[in-house]
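# A structural walkthrough
Spelled out, the chains give:
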Amino acid sequence: MLLLADGFFLLAHDSISWRCRLSPRGLRLGLAAALLGEQLLFQQITLGNGHLRALPAWALPDPLAQSVGDQLRAEPEVTSVRDWMEFLSRDAYDAVGERLIRQNLAQARVVRRFLRTATTYVPVNHLHAAALEDRLAVEIGAGPAFREPDMVLLAGLAHATGLTRFILADTPPPIRAQRVDRAVAALPPSLQHLVGHTNAAVGDAVLTPRP
Amino acid sequence: MSTTLAEARLGVPSVTFFVISAATPLTVVAGVVTTGYAVTGITGLPLGFLIIGAVLALFCMGYVAMARDVANAGAFSAYIARGIGRPIGVAGAWVAVAAYNALQVGLYGVIGAAATPLLAVWLSLQLPWWAVALVAWLLVAVLGLLHVDLNSRVLAVLLVAEVAIILLYSLANLTHPATGTVRFDGLDPTTLATPGLGAVLALAVLGFVGFESTVVYSEEARDPQRTIRIASFITVAVITALYTMSSWAMTVATGPDQIITQSQTHSAELIFHLAGQHLGPTLVDLGRVLFVTSVLAAMISFHNTTARYIFALGRERVLPEILGHTSPRTGAPQLGSLLQTAVGLAVILLYATAGWDPVAHLFFWGGTAGGVGVLLLITTTAIAIVRHLARTPTTKTTWRFLAAPVLAATALILVLVLALTNLPTLLGVPPDSPVPWLIPCAYLTFAALGALWALVLYHRRPTAYRSIGLGAKSAALRSGGPVPDHSDFQWDRPPS
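Scoring rules and cut-offs
Residues numbered from 1 in each chain as written. Chains lettered and ligands numbered in written order. Predicted model: local features only at pLDDT ≥ 70, side-chain atom pairs only at ≥ 80, totals over all residues. Heavy atoms only, no water. Helix = DSSP H or I, 4+ residues; strand = E, 2+ residues; numbered from the N terminus. Rg over C-alpha atoms; globule rule 2.2 N^0.38 Å. Buried < 20%, exposed > 50% of the residue type's maximum accessible area, 1.4 Å probe, protein only. Contact = heavy atoms within 4.5 Å. Areas by Shrake-Rupley, 256 points an atom, 1.4 Å probe, with all protein chains shown as cover. Lys, Arg positive; Asp, Glu negative; His and termini not counted. Charge placed at Lys NZ, Arg CZ, Asp CG, Glu CD. Pairing = 2+ DSSP bridges. 1 Å grid on protein atoms, 1.4 Å probe; cavity = no way out; pocket = protein on both sides within 12 Å on 5 of 7 lines; lining within 4 Å. Points joined across faces, edges and corners; volume = space filled by probe spheres on them. Nonpolar A, V, L, I, M, F, W, Y, C, P; charged D, E, K, R; others polar. Axes fitted to C-alpha atoms, helices over the stretch in contact; angles between N-to-C directions. Parallel < 35°, antiparallel > 145°, perpendicular 65-115°, else oblique. Left-handed = near helix turned anticlockwise from the far one by under 90°. Buried area = accessible area lost by both parts, 1.4 Å probe. Salt bridge = Lys/Arg side-chain N within 4 Å of Asp/Glu carboxyl O. Patch = residues over 30% accessible without salt bridge, like charges linked within 9 Å, V, L, I, M, F, W, Y side chains within 5 Å. Polar contact = N/O pair within 3.5 Å; in protein donor to acceptor, adjacent residues only side chain to side chain. pLDDT = per-residue confidence, 0-100. Phe/Tyr/Trp six-rings, centres within 6.5 Å; stacked < 30°, edge-to-face > 60°.

Right, let's talk about the overall build of chain A for a bit. A tally of helices and strands in chain A yields nine helices and four strands. When the helices and strands of chain A are listed from N to C terminus, the series reads α-α-β-β-α-α-β-β-α-α-α-α-α. What you see for chain A is a C-alpha radius of gyration of 17 Å, in line with the 17 Å of a compact globule of 211 residues. Across its three principal directions, the C-alpha atoms of chain A cover 45 × 40 × 40 Å. The proportion of buried residues among the 211 residues of chain A is 58%. Taking the contacts inside chain A whose residues are at least 6 apart along the sequence as the reference set, 62% of them involve residues at least 24 apart. If you sum the accessible surface of chain A, you get close to 8,700 Å²; carbon and sulfur atoms cover 56% of it. Across chain A, the centroid of the 21 positively charged side chains sits 6 Å from that of the 20 negatively charged ones.

Now the structure itself:
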């Protein structure tokens, strides 16, 4: 079962070179948004006007999604979507990387950086990643009746972080934006909100520089 | 979660540091102050810094108070859109893009003057100013596209070194008064009772540009009000103290009656010329190196500010959406950066082929034109603050929410009027020259076109019109709606 954040992780890497397509901040924000997206898809939360609300829990098939849901329910007084996105973005990379390892979809690689080492997670299955990209490209171009909400949400998050310029490289930018926007506009409001807030978070990262 | 986020929030020292580190004080002291004396011929500049420092401190009260209601808190135009109206907000944004561009491009005029003495001594290279400017331009273009805001440690080292060298030079100036005794003429209020008062005040504003970015960190600060307010005051106070003291110390070392002729002879070299007399060549070379790095840091900083203004307009879809795209890999506001880079190249080539003077007519005119633009923005923002806070019901102190903003707005209007009437003095041109007319006319044109464009949006693209001033958050607005009680989402298939 490929969950939303797993899908985002694969899209965020080039399916041939495995080079990461996003800035570290963009990757983390996108993964955090995808983790919140999983909660929406599992009907663990609802979302509107920048705030989220936890819904009654049920046992989820995935430990990471379960733990994110538990965290959200543990602090019901914190409702700001942007705050949760910021919080989840801190550990999202490692958490999703580990989950991909458990599914044999990635492997950990220790890289030496200046004066320290860091763990990166690298996808392993080229066909899998390429197939996901193709499927996304097809669904974005498809008519409303054929679209799956999780795929459209994934496309929306990919577009918000700038990934569609790789996935839909052959489509001219205005048409690309138009297609994704149209598909996202057909989503339920809470999923649309999440895409909007991801977009805002990516933009604010540009406007709020930390030297 | 709340504790983790709280720990990561910024305190007063971090915010103050982020903002002051972008102030690049040596660019102002070695470049603006010396050429300012030379061009305006007025000795009251130190006092100008004091007055503007006080006015801006007053301005910060209302500015920080309003910041919480402004989505794109770093942009003056967002305050104007919120407080006065969206068309004036777009007008402000276009003026801002023009003003910050002028400030950035102006710096290409001084980098040659800053670097050529070093290149001549160390590498025996005699380069024309535009060659140096083109190298700097390339550096800014590349760093802008890579979205490099200079690393905070690099900036910290540069800032501390710059402040240290300014203090050292000033100390040397004060201990070697030309007339034998330290004279306070530079701080004498009567020196301001000249027709050029507005010019001095406009120049002083130029020294403070950048102080406005404290509010950018509102959302990340421990207390969005208190932290940012204190950080703003400290920033303004430190800048005021540093510039007042160093510009006054220069008049002491040359003698108050000689500062004008000396700065006209030496231009941006004056501060190093004085240091050379008292401190010896090593400290002079160190100061020159820091002047170069300071100008480079200022260029990068203004480049990024301009690119961000353009980016925010693209994000709001006030300008074509493509301007709001980031580079996925670097997070850079790509097109905004490229546009600014293009303007820079065009201006360098224009000045190089026309053979115009880079320091007096590019650096100083660009800087003062930009400074006047920013003064125009601050003044309009001050009016917007008064309007906004007056109609916001509050239980807070009337001083912070009413008296201080009204006083600040009144003072700023006065400063702006004085600056506009003294433009010939500010630019150092005869009163009948057409140049002083060009600057306000250019801004007026930009403002009019911006307001007109906003009205077009109102009729043609109402969603974009409602986004004006929201910056990146306009994306969230386009999908607004209350939190539903139940999942608005029925899906029988488990997500896969």
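Structure shown, so let's carry the discussion forward.
As a further point, take the overall build of chain B. Within chain B, the secondary structure is distributed over 20 helices and zero strands. For 496 residues, the compact-globule estimate of 2.2 N^0.38 gives 23 Å, and the C-alpha radius of gyration of chain B, at 23 Å, lies within 12% of that figure. Burial statistics for chain B: of 496 residues in total, 56% are counted as buried. Across chain B, contacts joining residues at least 24 apart in sequence account for 81% of those joining residues at least 6 apart. Accessible surface, chain B as shown: approximately 19,100 Å² in total, 69% of it carbon and sulfur. Charged side chains in chain B number 24 positive and 20 negative. The centres of these two groups are separated by 10 Å.

Bringing the pairing of strand β2 (residues 51-54) of chain A into the picture now. Residue and element names in this part refer to chain A. Alignment of strand β1 (residues 45-48) against β2, held across four bridges, turns out to be antiparallel. Among the inter-strand pairings, Thr-46 is bridged to a residue of β2, identified as Arg-53. Taking the residues between adjacent antiparallel strands as the criterion, β1 and β2 are bridged by two residues, where Asn-49 takes a positive phi near 45°.

Residues and elements named next belong to chain B. This model, assessed by the stated rule, comprises three cavities of 30 Å³ or more. Empty space within the largest cavity amounts to approximately 80 Å³. What lines the largest cavity is a set of 14 residues, among which Ser-77, Ala-93, Leu-313, Glu-316 and Gly-469 lie closest to the centre. For the lining of the largest cavity, a count of residues per class yields nine nonpolar, four polar and one charged.

All names here are of chain B. One way to put it is that helix α13 (residues 281-315) packs onto helix α14 (residues 334-354) with a least axis distance of 8 Å and a crossing angle of 125°. If you check the angle between α13 and α14, you find them oblique. The interaxial crossing formed by α13 with α14 has right-handed handedness. Here His-303, Thr-306, Ala-307 and Ile-310 of α13 lie close against α14, whose contacting residues are Gly-336, Ser-337, Leu-339, Gln-340 and Thr-341.

Along an α-helix, a turn takes 3.6 residues, which lines up residues three or four apart on a common side. With seven of ten residues buried, helix α2 (residues 12-21) of chain B lies mostly within the body of the structure. Where α2 of chain B is concerned, the buried positions are Val-12, Val-15, Thr-16, Phe-18, Val-19, Ile-20 and Ser-21 of chain B.

On to unusual backbone geometry. Keep in mind that most residues, glycine aside, have a negative phi and that most peptide bonds are trans. Its identity as a non-glycine residue notwithstanding, Gln-43 of chain A has a phi of 60°, on the positive side. Relative to the helices and strands, Gln-43 of chain A resides in the loop between α2 (24-41) and β1. Residues other than glycine seldom take positive phi values, yet Arg-317 of chain B does so here, at roughly 65°. Here Arg-317 of chain B lies in the loop between α13 and α14. For Arg-317 of chain B, a relative accessible area of 24% puts it in the partly exposed group.

Turning next to helix α1 (residues 4-11) of chain A. Of all eight residues making up α1 of chain A, eight are buried, and the element is well covered by its neighbours. On its buried face, α1 of chain A sits against α2, α4 (81-102), β4 (116-123), α5 (126-141), α6 (149-160) and α7 (164-167) of chain A.

So, about the interface of chain A and chain B. Listed per partner, the contact involves 56 residues of chain A and 54 residues of chain B. Of the roughly 4,700 Å² buried between chain A and chain B, counting both surfaces, carbon and sulfur atoms make up 57%. For the pair chain A and chain B, the number of links is two salt bridges. Notably, a salt bridge pairs Arg-9 of chain B with Asp-83 of chain A, separated by 3.9 Å at the nearest N-O pair.

A few words on a positive patch on the surface. A surface patch of like charges, here positive, comprises Arg-82, Arg-86, Arg-387, Arg-391 and Arg-466 of chain B. For Arg-387 of chain B, a relative accessible area of 42% gives the class partly exposed.

It is worth spelling out the side chain of Thr-16 of chain B at this point. Inspection of the secondary structure assignment puts Thr-16 of chain B in helix α2. Discounting residues that sit within four places of it in the chain, Thr-16 of chain B has contacts with Ala-231, Ile-234 and Thr-235 of chain B.

All names here are of chain B. In this fold, Trp-453 is placed in helix α18 (residues 435-460). Remark: the alpha-carbon pair of Trp-453 and Pro-87, spanning 366 residues in sequence, is separated by 7.8 Å. Residues in contact with Trp-453, not counting those within four places in the same chain, are Trp-94, Val-318, Leu-319 and Arg-461. Within the local environment of Trp-453, its side chain forms a polar contact with the backbone oxygen of Val-318, the two atoms lying 2.6 Å apart.

Looking at chain B as a whole, the pLDDT averages 87, with 96% of positions reaching at least 70. Reported confidence for the predicted complex is 0.88 by ipTM and 0.90 by pTM.

Residue and element names in this part refer to chain B. If you walk through the whole model with that rule in mind, you get 18 aromatic pairs over all chains. Here the aromatic rings of Tyr-351 and Trp-356 are separated by 5.1 Å at their centres, their planes lie at 80°, and the arrangement is edge-to-face. Residue classification places Tyr-351 among the buried positions, given a relative accessible area of 12%. Summarising the aromatic geometry, the rings of Tyr-458 and Tyr-465 are spaced 4.9 Å apart at their centres and angled 75° between planes, so their arrangement reads as edge-to-face. Assessed through its relative accessible area of 47%, Tyr-458 is described here as partly exposed.

So, about the environment of Gly-31 of chain B. Residues and elements named next belong to chain B. Position of Gly-31 among the secondary structure elements: in helix α3 (residues 25-40). Residue Gly-31 is classed as buried on the basis of its relative accessible area of 0%. Separated by 80 residues in sequence, Gly-31 and Ile-111 place their C-alpha atoms 9.8 Å apart. Excluding residues within four positions of it along the chain, Gly-31 makes contact with Leu-26, Phe-291 and Phe-363.

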